[in-house]
Amino acid sequence: MSTALTHLAAARGRPNLTIRAGTAVDRVTLRGTRARGIRTAGGEIIEADAVVVTAGAYASPAILMRSGIAAVGGVAAGRRRGKVNCVSSARGLG
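Description of the structure in this document. (Residues numbered from 1 in each chain as written. Predicted model: local features only at pLDDT ≥ 70, side-chain atom pairs only at ≥ 80, totals over all residues. Heavy atoms only, no water.)

Details of the side chain of Asp26
This is how the line gets drawn: Helix and strand definitions follow DSSP, with helices as H or I runs of at least four residues and strands as E runs of at least two, each counted in order from the N terminus. Two N or O atoms count as a polar contact when they lie within 3.5 Å, although within protein this holds only if one can serve as hydrogen donor and the other as acceptor, and sequence-adjacent residues are included solely when both atoms are side-chain atoms. Two residues form a contact once any of their heavy atoms are found within 4.5 Å.
The topology assignment puts Asp26 in strand S1 (residues 25-31). Polar side-chain contacts of Asp26 include one of 3.0 Å to the side chain of Arg27. Not counting chain neighbours up to four residues away, the residues in contact with Asp26 comprise Arg39, Thr40, Ala41, Ile63 and Arg66.

As structure tokens, then:
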């Protein structure tokens, strides 16, 4: 059994947790600089009070970058990189 399955098994019954396995995430949706949900690769918007990005070492940074969230010292907030506006930066990313 994987570590993820072991930890999720204990939390699966919580009323404030929704697990959607196999859902491809395009980006985190923001209201200002606060995460308010996600947009799936299929375009569905899922709103949430809290968002935890746990897509792995390669996918998590890619999701954050597509969302306009950059590491401090990386792309400065308010600047463009490619086709994505950087709206927020945070220490510890990347």
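Some remarks on the layout of surface pockets
Any empty space left between atoms is shown by rolling a water-sized probe over those atoms. Condition: Both cavities and pockets are sets of points on a 1 Å grid over the protein atoms alone; in a cavity a 1.4 Å probe fits but cannot get out, in a pocket the set is open with protein on both sides within 12 Å along at least five of seven lines, and lining residues sit with an atom within 4 Å of a point. Grid points are joined across faces, edges and corners, and a volume is the space filled by probe spheres set on the points. Note on residue categories: nonpolar means Ala, Val, Leu, Ile, Met, Phe, Trp, Tyr, Cys or Pro, charged means Asp, Glu, Lys or Arg, and polar means any other residue, Gly included.
Here the largest pocket is characterised by a volume of approximately 1100 Å³. Lining of the largest pocket is provided by 29 residues; of these, Leu17, Thr18, Ile19, Arg20 and Val52 occupy positions nearest its centre. Breaking the lining of the largest pocket down by element, the ones donating at least two residues are helix H1 (3-11), S1, strand S2 (34-40) and strand S3 (45-47). If one sorts the elements of the lining of the largest pocket by residue count, H1 sits on top with five residues. Broken down by class, the residue content of the lining of the largest pocket amounts to 18 nonpolar, seven polar and four charged.

Overview of the pattern of salt bridges
We apply this condition: What makes a salt bridge here is a side-chain nitrogen of Lys or Arg within 4 Å of a carboxyl oxygen of Asp or Glu, nothing more. Exposure categories follow from relative accessible area, calculated using a 1.4 Å probe and restricted to protein chains: below 20% of the type maximum is buried, above 50% is exposed, and the middle band is partly exposed.
In the structure shown here, the tally under the stated rule is four salt bridges. Across the salt bridge formed by Arg20 and Glu44, the nearest N and O atoms sit 3.2 Å from each other. Taken together, the residues span a long stretch of sequence, with Arg20 in the loop between H1 and S1 and Glu44 in the loop between S2 and S3 at a distance of 24 residues. We classify Arg20 as partly exposed; its relative accessible area is 40%. Taking relative accessible area as the criterion, Glu44 reaches 38% and is therefore assigned partly exposed. Each of Asp26, Arg27, Arg39 and Arg66 takes part in a single network of salt bridges with overlapping partners.

Concerning the sheet that holds S2
Cut-off, in case you're wondering: For two strands to pair, DSSP has to find at least two bridges joining them. Fitted lines through C-alpha atoms give the axes, limited to the stretch in contact for helices. The angle between two N-to-C directions lies from 0 to 180 degrees.
In spatial order, the strands read S1-S2-S3; together these three strands make up an open sheet with antiparallel pairing. Where the open sheet ends on each side, the last strands, each with one partner, are S1 and S3. The average undirected angle you get between the axes of adjacent strands in this sheet is 30 degrees. Where S2 lies against S3, three bridges are found, and the strand directions are antiparallel. When the bridges of S3 are listed, Gly37 appears paired with Glu47.

Shape is all these values report; function is a separate question.
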